[in-house]
Every structure is written in C-alpha cells, then in structure tokens.
Amino acid sequence: MRARLAGAPPWYDAAMGVARTIVEAAVVVALSAGAAAIANAVREDPLPWVATQEYAVHGPCPEPAGEVTAIRAGDPLIRDGRTLVIDARDETAFREWHLPGARRVEFDWVSPVPGAALADVAASGAAAVVVYGDGGDPDSGRELARELSGRGIRNVHHVDGGAPALRGPGPGGAP
Amino acid sequence: MKRASFLVVALLAAPAAAEVPECRALTGGAKSVADHLLTTEHPYDCCDGTIADCLKRSPACPLASRLAAFVCRRAASGQDRDTIHRAIERRAVSMMPGTKRHAFDLAAIPSAGSPAAKVKLVVFLCPRCPVCSKLGPDLYREVTTGRLAGKVTLHCRVFPVKSHPGSAEAGRAIAAAARIGKFWEFMLHAFREFDRYSPDALPGWAAAVGIERAAFDAAVADPATQAALVEAKKEGIRAGVEATPALFIDGRRWHGDMDVETLVDVLEEAGVAP
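Quick caveat: nothing in here was measured; it's all calculated off a predicted structure.

Q: Help me understand the overall build of chain B, please; the structure alone is not making it clear to me.
A: Assigned secondary structure in chain B consists of 13 helices and six strands. On the principal axes, the C-alpha backbone points of chain B span a range of 75 × 35 × 30 Å. Contacts in chain B between residues far apart in sequence, at least 24 positions, make up 71% of those at least 6 positions apart.

Written as structure tokens, this is what we have:
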C-alpha cells in the first residue's frame, strides 16, 4: 500500500487509481493492436487496412420458417389432451368438416399470421401444436406449421396429407 | 520452407494463369492465394487435372478459363482461400451436369430478353427484399441490353417474403400490373423507388408507368390477381424456395454468390454447355 502524498486531497488516491487503470488499458490495447498488425503482416493474404470495395449485402431474405415434424394421421399426439390442434384451411372447408376440438387459424400464402392469432397459440399452454391443412402440394398445414415454428412456437408438427388423410377414405377424404 | 513452397506453386500456376486477364493483374498476397487455388482446385467438368493443368492443355478446357477468372476476380477483391474454395464448391453443386432440374411453366411467367435464348433463368424476387431490388434490375439490364442479351431469357416470379412488411401489398400491385401487361415497367419502378415504399405510393407508381388509376384499382381488387400471386408463391415453395432472391438456371437451383459478375459468368457457361 503506497502512502498518500503529504498534503494531497482526499480524492487523490481514487483519482490515481483511475489514471493507472486507464494507462494499463491503453498499454493492453496498444500491445493487442501491435500483435494483430504483426499477425496480419505475416498472413499469406493480409487484410487491407482500408476497405477498397463498397460494402455490399449479398445475403438472401428468408421466410420466417422453422423446423417442424411430419406426423401420420393416426398419430396419438393428435388425440392427446395436451395438444393444440389447428386447422389451417379456409372457413368453408372448416365448416364442412374439421377435427373435433380443432382451432381454425387460416393460412395465408402471402401475408403473415396475425399477431393476435399467434398470441392465442402461444397463450394456449399446449404441450404440442399439431397443424393440418388441405393436404395439397404445397400443403397449407405444413406451411402454417413452419411459420408458427419460425415465429417462436415450440414443438410444432403437421399432419402428413392434411385433412383428407385425417378424414380417411370417402367423400372429402383420402382416396 | 513455406516461402519455397509458394514459389513452386507460383511457378506451376503462373504461365497458364497469365493467359487469363483477371489473373494477369494480380500481385502480392492476392496472387499467392490465386496461384494456390489454381494448382489445387479441379474443374467440375471437361478436364480431370487442376485448373492450372487444364489451362495448359490444347485445346484448353473453357471451364478452366472461367474458373481461373472466377478465382482471380475473388482473390483481387481480397477474399481468402477458404472463402474462394467454398464459392467454387457452391458453383460446382449448382452447375454440375446431373443436378436436379425443376420444371417451371415458363409460358405463365413474365419474361425479358430474347424468348429464343438457349438459357432460361427463373428468378423468385420479393418486392421488399433489398438484395432483390439490386439484383432484379441488374439481371434485367444484362439480358435485355447487356452481356446476356440474346443468350438468356429471364423469367421472374414474385415471391413475397412474409418477414418483409408491405411485401404482400407490393406483390399484389405487381401481379395487378402484370395482368395489365406492365409487369417489368412496374417491377423496375418499384425497385427504383424501393426506399420510398408505402402502400399509398402504389397507385402513383402505377401512374408513373402509364397505368390508369381505375384499371389499376380494378386489377388489384380482382380475386384473380391474388390467385395469380398465390400460385407464383406456391410454385416457389414447390421448388424449395425459402428465401429471396432464388435463381434457377435451366431449372437447376443456383446455390452460389448472388453478385451480377458471377451470375453473368455462370449464365454464359450454361449457354455454351453442350
């Protein structure tokens, strides 16, 4: 512990401590920069000190799509009481037939799922989310599931073959 | 030792690479990066040796010259070995004979450039994607008046990306303009005005390209316009598009860099392929 200078004001020690820290930081920065410059100089292809080309963005713009799992129409997860089942089809198709207990969140191919619908799904407290759609190519159920997953909903699945697969053989169902 | 190995690499690569204008101008670190790659990387078609070996053969493998220019252009721009190596790999994955081809109904897609051109390029663009706003007009210029004129037909599909606010409205406006026969005029104008976008600006943009307000409003409101937009997006999803811009060269997905120099190069390559 260094003795305080005779007659120094009470803040002297604190000020000296701050000054020492700044000097030490400056020395570390200078040494690091020097080491980086030397490392760059011995590279086979040294990085330029000044950018010679205009910065350009070449990255693609992704859809908000996440990972989902395909399940079969007979999967027990669909009937599990802790699962939220979502019908991605339009109102007409939903009225004609839907899985008992299914909630309708119509999939829009070009506009995002409305925030309120997304909040409802998030607030459902379901352990898993299963989405089924029209079973087309591409399948609206799979696409909605991917969007829900991409926007933060966890444990999302889609029914392979969609509503026709769930209805089984017969009118409106799988062939 | 390391210096000596560079010297050997340079001596092996230099004579052949000197025939390629992009390589002739290289010096220092960029030259050593290019020389190393030219003596270690192999063309994915037409010749079995390294790029440098293939350049020396007579007649020279045209792909070797293209790849040498590709490597040297990148080295000159400051890219390192690994970055260029990955770019070559992505190019190979996209261009190798036998890569899966997607079938598009080209007659249904708005096109630019000569309809008789050998190479068909299908692009999926989002009207609110910043990269698309640069690449779309660049490709249009190349196929209509630039280096790809007469060689490539550009087919453009609108693919509104949901993470871009306004993409659905702008996409519908472009689909409406397409139904009126003003697809490219409107699309290019929308990209020029990219930073001034608002839904309220769309009728003004239509007027700027010669579309009457009543006709534009009617086309936007027509359910068939929305159906056309949805069909374009579904077609992209079927082909595996998950981001824009997405390009298909003669039906093969392009996985490489999206800068116009690279694309002109690979499209010319596709044009001379047997």
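Q: Would you take a moment to explain the overall build of chain A for this structure?
A: Helix and strand counts for chain A stand at five helices and six strands. Overall, chain A shows an N-to-C arrangement of helices and strands of α-β-β-β-α-β-α-β-α-β-α. Computed over the C-alpha atoms, the radius of gyration of chain A is 31 Å, more than 25% above the 16 Å expected from 2.2 N^0.38 for a compact globule of 175 residues. Each principal axis of the C-alpha atoms in chain A carries an extent, and together these give about 100 × 50 × 25 Å. Relative to its full complement of 175 residues, chain A shows a buried share of 28%. Taking as baseline every contact in chain A between residues at least 6 positions apart, the subset at least 24 positions apart corresponds to 63%.

Q: I keep staring at the sheet that holds strand β3 (residues 83–87) of chain A and nothing clicks. Help me out?
A: The pairing of strands in a sheet happens through backbone hydrogen bonds and is either parallel or antiparallel. All names here are of chain A. Spatially, the five strands line up as an open sheet ordered β2-β6-β5-β3-β4, and their pairing is parallel. Bordering the open sheet on either side are β2 (69–71) and β4 (103–104), each of which pairs with just one other strand. Sheet topology note: the β3/strand β5 (residues 128–132) ladder contains five bridges and is parallel. When the sheet's bridge partners are listed, D87 is paired in β5 with Y132.

Q: I'm lost on the domain arrangement of chain B in this one. Help?
A: How big an interface is tends to be stated in terms of accessible area lost as the parts join. All names here are of chain B. The domains assigned to chain B are domain 1 (2–95) and domain 2 (106–272). Facing the 11 residues of domain 1 at the interface are 11 residues of domain 2. When contributions to the side of domain 1 that touches domain 2 are tallied by element, the ones reaching two or more residues are α5 (62–76) and α6 (81–95). Element by element, the count of residues in the side of domain 1 that touches domain 2 is highest for α6, at six residues. Taken together, the residues of the side of domain 1 that touches domain 2 sort by class into six nonpolar, one polar and four charged.

Q: How should I be thinking about the environment of A:P64 in this particular structure?
A: Mapping A:P64 onto the fold places it in the loop between β1 (61–62) and β2. Here the alpha-carbon distance between A:P64 and A:G152, two residues 88 residues apart in the chain, equals 9.6 Å. In this view, A:P64 contacts A:E147, A:G150, A:R151, B:K162 and B:S163; residues no more than four positions away in its chain are not counted.

Q: Explanation requested: the environment of B:A168 in the structure shown.
A: In this structure, B:A168 sits in helix α8 (residues 167–180). Residue classification places B:A168 among the buried positions, given that 23 C-beta atoms sit within 10 Å. For the pair formed by B:A168 and B:P127, sequence separation is 41 residues and the distance between their alpha carbons is 8.7 Å. Dropping the residues within four chain positions of it, B:A168 is found in contact with A:V110, A:S111 and B:P160.

Q: Mind showing me how you'd approach the confidence of the model for chain B here?
A: Regions with low pLDDT carry predicted coordinates that are not meant to be interpreted in detail. Scored by pLDDT, chain B comes out at a mean of 90, with 93% of its residues at no less than 70. Long-range and interchain partners of residues 6–12 of chain B, a stretch whose pLDDT sits below 50, account for eight contacts in this model, where long-range means more than four residues apart.

Q: What's the story with the interface of chain A and chain B in this structure? I'm lost.
A: The interface of chain A with chain B comprises 23 residues on the first partner and 31 residues on the second. Where the side of chain A that touches chain B is concerned, the elements lending two or more residues are β1 and α4 (140–150) of chain A. Looking at the side of chain A that touches chain B, its residues break down into 12 nonpolar, five polar and six charged.

Q: I tried to follow the packing of helix α3 (residues 28–38) of chain B against α5(B) on my own but got confused; where do I start?
A: Axes are the key here: two packed helices are described by the angle between their axes and the distance separating the axes. Residue and element names in this part refer to chain B. Interhelical geometry of α3 versus α5 gives an angle of 150 degrees and a closest axis separation of 8 Å. The orientation of α3 relative to α5 falls into the category roughly antiparallel. Our pair here, α3 against α5, has a crossing hand that is right-handed. Of the residues in α5, those touching α3 at A30, V33, A34, L37 and L38 are A68, V71, C72, A75 and A76. A class-by-class count of the residues in the contact of α3 with α5 yields 10 nonpolar, no polar and no charged.

Q: Any chance you could explain the pairing of strand β2 (residues 119–125) of chain B here in plain terms?
A: Regular strands place side chains that alternate from one sheet face to the opposite one. Residue and element names in this part refer to chain B. The buried fraction of β2 is high, at seven of seven residues. By the bridge criterion, seven bridges tie β2 to strand β3 (residues 152–158) in an arrangement that is parallel. Paired with L121 across the two strands is L154, which belongs to β3. Sheet topology places β2 next to strand β5 (residues 246–249); four bridges connect them, and they run antiparallel. If you follow V122 over to β5, its bridge partner there is F248.

Q: Sorry if this is basic, but what is going on with the sheet that holds strand β1 (residues 111–112) of chain B here?
A: All names here are of chain B. Ordered in space as β1-β3-β2-β5-β6, the five strands form an open sheet in which the pairing is mixed. Lying at the two open borders of the sheet, with one neighbouring strand each, are β1 and β6 (252–253). Direction of pairing for β5 relative to β6: antiparallel, over a ladder of two bridges. Across the sheet, residue F248 finds its bridge partner in β6, namely R253. Relative to the sheet, helix α7 (residues 130–144) contacts β1, β2 and β3, its axis offset from that of β3 by approximately 150 degrees.

Cut-off values and rules
Residues numbered from 1 in each chain as written. Chains lettered and ligands numbered in written order. Predicted model: local features only at pLDDT ≥ 70, side-chain atom pairs only at ≥ 80, totals over all residues. Helix = DSSP H or I, 4+ residues; strand = E, 2+ residues; numbered from the N terminus. Contact = placed C-beta atoms within 7 Å. Rg over C-alpha atoms; globule rule 2.2 N^0.38 Å. Buried ≥ 20, exposed ≤ 12 C-beta atoms within 10 Å, placed from the backbone. Pairing = 2+ DSSP bridges. Domains from an automatic or database assignment. Nonpolar A, V, L, I, M, F, W, Y, C, P; charged D, E, K, R; others polar. pLDDT = per-residue confidence, 0-100. Axes fitted to C-alpha atoms, helices over the stretch in contact; angles between N-to-C directions. Parallel < 35°, antiparallel > 145°, perpendicular 65-115°, else oblique. Left-handed = near helix turned anticlockwise from the far one by under 90°.

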